[in-house]
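Now for the letters of each chain:
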Amino acid sequence: MSLLEILAVLLGVANILLITKRSVWNFPVAIIMVSLYFVIFRDAKLYSDAGLQIFFAAVNLYGWWSWTRNKADSGDIIVRRISAMSYGYWILGAIATIWAWGAVMHSETDATYPYWDASVAMLSIAGQILMARRFVENWHFWIIVNLISIPLYATKELYLTAGLYGLFLVLAVAGLIAWRKAEQK
């Protein structure tokens with residue numbers, strides 16, 4: 001546990017709370033958080049997760065732009081659903097990229113748990129893109145990410161981060177419920 005990890009965890013909590021409330025301010029908080037987690041995961045030799053933080057920074061910039069342009073008259077962010085067929089493609093694409101990226105990490109790096117780490121990274125990419133595009137189904141991906149991240153980070157002795165992902169799991173369920181209610185308005 002380091003001061004860097006403590007700060008990243010606090011920013012992570014703030015970020016998810018802001019997302020569940022559909023606040024555009026989640027994006028600047030996320031950009032700072034992912035910058036810190038890049039260093040933490042790099043040092044833990046979780047290279048897929050470290051690289052994921054660079055992706056998160058870029059997609060958070062896109063999400064910030066997109067969300068500021070997709071508000072209801074009330075100022076709330078408008079959420080929507082993806083078609084069943086598209087959702088199936090997202091799931092199949094995530095599985096294929098997990099396998100491919102895990103294979104690269106296994107053969108080309110000294111990454112610990114390359115397929116487990118790749119699963120967190122690739123499912124997070126899918127969830128982040130769906131969230132930036134305001135699809136309710138993003139929460140399904142985040143729930144799975146949190147479920148598999150908790151034991152991975154505990155195994156790597158990143159106990160605060162594992163705890164954060166436990167909280168993320170609770171907040172992802174709350175986010176799913178809140179976004180489902182928001183789409184019915």
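As a reminder, the structure under discussion sits directly above these lines.
If you're wondering where the values come from, they're calculated on a predicted model, not measured in any experiment. Per chain, the residues get numbers from 1 upward, laid out in the order the sequence is written. Given that this is a predicted model, residues contribute local features only at a pLDDT of at least 70 and side-chain atom pairs are listed and counted only at 80 or more, while totals for whole chains, interfaces and linings are drawn from all residues. Water and hydrogen atoms play no part in the side-chain values, which are based on all heavy atoms of the structure.

Draft legend 1. View of a nonpolar patch on the surface. Patch membership requires over 30% relative accessible area and the absence of a salt bridge. Like charges are linked within 9 Å, and nonpolar side chains (Val, Leu, Ile, Met, Phe, Trp, Tyr) within 5 Å. Areas reported as accessible are Shrake-Rupley estimates using a 1.4 Å probe. Residue values count occlusion only from the protein chains shown. Between Lys or Arg on one side and Asp or Glu on the other, a salt bridge is scored when a side-chain nitrogen of the former is within 4 Å of a carboxyl oxygen of the latter. Together, Met 85, Tyr 89, Ile 91, Leu 92 and Ile 95 make up an exposed nonpolar region whose accessible area comes to about 560 Å². For the purposes of this entry, the term helix denotes a DSSP run of H or I that reaches at least four residues, the term strand denotes a run of E that reaches at least two, and both are numbered from the N terminus. With respect to the helices, strands and loops of the structure, Ile 91 is situated in helix 4 (residues 84-108). The cut-offs for exposure are 20% and 50% of the maximum accessible area for each residue type, with area from a 1.4 Å probe on protein chains only; residues under the lower value are buried, those over the upper are exposed, and the others partly exposed. For Ile 91, a relative accessible area of 36% gives the class partly exposed.

Draft legend 2. Focus on the packing of helix 3 (residues 47-68) against helix 5 (residues 114-132). In this description, a line fitted to the C-alpha atoms serves as the axis of each element, helices being fitted only across the stretch in contact, and the angle between N-to-C directions of two axes falls anywhere from 0 to 180 degrees. Relative to each other, helix 3 and helix 5 sit at 0°, their axes nearing to 9 Å. By the angle between their axes, helix 3 is roughly parallel relative to helix 5. The residues of helix 5 that touch helix 3, namely those facing Tyr 47, Ser 48, Asp 49, Leu 52, Phe 55, Phe 56, Val 59, Asn 60, Tyr 62, Gly 63, Ser 66 and Trp 67, are Asp 117, Ala 118, Val 120, Ala 121, Ser 124, Ile 125, Gln 128, Ile 129, Met 131 and Ala 132. With respect to orientation, any angle under 35 degrees is reported as roughly parallel, any angle over 145 as roughly antiparallel, any angle of 65 to 115 as roughly perpendicular, and every other angle as oblique. Only heavy atoms matter for contacts: two residues are in contact if any of them lie within 4.5 Å across the pair.

Draft legend 3. Expanded view of unusual backbone geometry. Phi is positive for Arg 22, which is not a glycine, with a value near 60°. One can find Arg 22 in the loop between helix 1 (3-20) and helix 2 (26-43). Judged by relative accessible area, Arg 22 falls into the buried class, the value being 15%. Notably, Arg 134 is not glycine yet its phi reads approximately 70°, a positive angle.

Draft legend 4. Local environment of helix 6 (residues 138-155). How far a helix is expected to stretch is found by multiplying one less than its residue total by 1.5 Å. Taking 1.5 Å of rise per residue, the 18 residues of helix 6 would be expected to cover 26 Å, and the 26 Å separating its terminal C-alpha atoms lies within 8% of that figure. The largest bend along helix 6 reaches roughly 30° and is located at Ser 149, with the proline Pro 151 sitting one to four residues downstream. Among all positions of helix 6, only Asn 138, Trp 139, Phe 141, Trp 142, Ile 143, Val 145, Asn 146, Ser 149, Leu 152 and Tyr 153 are buried. Buried residues in helix 6 make contact with helix 1, helix 2, helix 3, helix 4, helix 5 and helix 7 (159-183). Downstream of helix 6 by a residue or two, Glu 157 has a phi angle that is positive, lying close to 60°. The term bend refers to the angle at a residue between two fitted axes, each drawn through seven residues, those ending there and those starting there.

Draft legend 5. Examining the pattern of salt bridges more closely. This model, assessed by the stated rule, comprises 4 salt bridges. One salt bridge connects Asp 110 with Lys 45, and the closest N-O pair in it is separated by 3.1 Å. Residue Asp 110 is found in the loop between helix 4 and helix 5, and its partner Lys 45 is found in the loop between helix 2 and helix 3; the two are separated by 65 residues along the sequence. Under the relative-accessibility criterion, Asp 110 is labelled partly exposed at 43%. A relative accessible area of 36% means that Lys 45 is categorised as partly exposed. We note a salt bridge from Glu 183 to Arg 81, for which the minimum N-O separation is 2.9 Å. Of this pair, Glu 183 sits in helix 7 while Arg 81 sits in the loop between helix 3 and helix 4; the two residues are 102 residues apart in sequence, bridging distant segments of the chain. Classification of Arg 81 by relative accessible area gives partly exposed; the value is 38%. Look at the salt bridges and you will find they share partners, linking Arg 81, Glu 137 and Glu 183 into a network.

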